[in-house]
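Below, each chain spelled out in residue letters.
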Amino acid sequence: MEEITIHEFDFDLINEFFTELERQGPGSPEETIRALSFIGNLSNKTKIADLGCGTGFQTIVLAQNTEATITALDLYAGSIDKLNATAGKLGLQNRVKGIVGSMDNLPFQNDEFDLIWSEGAIANIGFEKGLNHWKSFLKKDGYIAVTYESWFTDKRPTEIEKWWLDAVPEIGTIGHNISIMQKTGYIPVAAFTLPENCWIDNYFIPQKARQEEFLKKHAGNKTVEDMIAFMRREADLYSKYKQYYGYVFYIGKKM
Ligand code: SAM
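Source: prediction; values computed, not measured. (Residues numbered from 1 in each chain as written. Predicted model: local features only at pLDDT ≥ 70, side-chain atom pairs only at ≥ 80, totals over all residues. Heavy atoms only, no water.)

Caption draft 1: Examining helix H1 (residues 11–18) more closely. For H1, every residue scored as buried is listed here: Leu-13, Ile-14, Asn-15, Phe-17 and Phe-18. Residues of H1 that are buried sit in contact with helix H4 (77–89), helix H8 (196–217) and helix H9 (222–241). Between a side-chain oxygen at the N-terminus of H1 and the backbone nitrogen of Asp-12 the separation is 3.3 Å; the capping residue is Asp-10. (Buried < 20%, exposed > 50% of the residue type's maximum accessible area, 1.4 Å probe, protein only. Helix = DSSP H or I, 4+ residues; strand = E, 2+ residues; numbered from the N terminus. Contact = heavy atoms within 4.5 Å. Polar contact = N/O pair within 3.5 Å; in protein donor to acceptor, adjacent residues only side chain to side chain.)

Caption draft 2: How the structure looks around unusual backbone geometry. The phi dihedral of Asn-41 is positive, around 55°, even though this residue is not glycine. Locating Asn-41 in the fold gives a position in the loop between helix H2 (29–36) and strand E1 (47–51). In this structure Asn-41 comes out as exposed when scored by relative accessible area, which is 76%. Although it is not a glycine, Asp-141 adopts a positive phi angle of roughly 70°. Inspection of the secondary structure puts Asp-141 in strand E5 (residues 138–151). On the basis of relative accessibility, which here comes to 42%, the residue Asp-141 falls in the partly exposed class.

Caption draft 3: How the structure looks around the site of the ligand. Neighbouring the ligand are 20 residues; Gln-24, Gly-52, Asp-74, Met-103 and Glu-119 lie closest to it. Between Asp-74 and the ligand, the recorded distance is 2.7 Å, taken from a side-chain N or O atom to an oxygen atom. Here a nitrogen atom of the ligand sits 2.8 Å away from a polar atom, N or O, in the main chain of Glu-119. For the ligand, the accessible surface in isolation is 600 Å², of which the surrounding protein chains cover 90%. (Near = heavy atom within 4 Å. Areas by Shrake-Rupley, 256 points an atom, 1.4 Å probe, with all protein chains shown as cover.)

Caption draft 4: View of the packing of aromatic side chains. Under the defined criterion, the tally for this structure stands at 24 aromatic pairs. Both rings, one in Phe-18 and one in Tyr-203, keep their centres 6.0 Å apart while their planes meet at 0°; by these two values the pair is stacked. Here the residue Phe-18 occupies a position in helix H1, and Tyr-203 occupies one in helix H8, the gap between them amounting to 185 residues. For Phe-18, a relative accessible area of 7% translates into the label buried. The exposure class assigned to Tyr-203 is buried, which follows from its relative accessible area of 9%. By way of ring pairs, the aromatic residues Phe-17, Phe-18, Trp-151, Trp-164, Trp-199, Tyr-203, Phe-204, Phe-214, Tyr-238, Tyr-245 and Tyr-247 are connected into one cluster. Of note, Lys-47 hangs over the ring of Phe-113, and the distance from its end group to the ring centre comes to 5.7 Å. In this structure, Arg-210 packs its charged tip against the face of Phe-17, placed 5.8 Å from the ring centre. (Phe/Tyr/Trp six-rings, centres within 6.5 Å; stacked < 30°, edge-to-face > 60°. Lys NZ or Arg CZ within 6 Å of the ring centre and 35° of its normal.)

Right under this line is the structure:
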């Protein structure tokens, strides 16, 4: 039987599900701060772009751990409304601005940013294409920090390989991704894997109650039932195969 892939679900439906959760992808404040520790020359003049920010959990962590001005961009307007409301509540509206836009057609000036951030989102444009496109908006010596799905081993069982090749066709090993970073004009500064709690405690466990609620709200909707089944399978596959893959934070400096 052919398995359904994530691309077959409606973008609005996926986002309606996820915007009620704190995060829309694996990660944690600790790992965002760890990645930030590799970035040089941060000051109150620093300009950051956070691409595919979702409701902006990591955007707020960046704002609270720097004095930078941050433009956070996402394609889904509901997430941006939520981020701007959170920034307002926290008194960060002067330094954090969420805007609706697409990461493959950025509304920015060349050399505008000191740092481009993106957690769990670069696969939407493609790792190599994203690194290439985003580079022009970075100043020379500016930094990029992205998390991206990566293989931890050269070989892995067919079941998990097929799942990820459907979801992210260009998924590669950490070494391969570092070489792409170098090829696209960045000096690799650091790469580290996200620990399991980023997936389990901050991504899969919070989904459980939302899945029940969503199934009730959309009772009888076959697409919703398939989407929730897909999410549950994603969690099962992670517990079965987590030694083979995960998110890796890649940090580079524009040459
Ligand atoms: N960075 C957030 C986090 O880690 O919680 C969200 C990650 S979520 C897995 C991926 C995000 O990318 C979603 O919010 C989605 O709306 C956004 N996205 C997908 N395609 C996009 C595009 N072409 N341009 C901008 N954002 C996009």
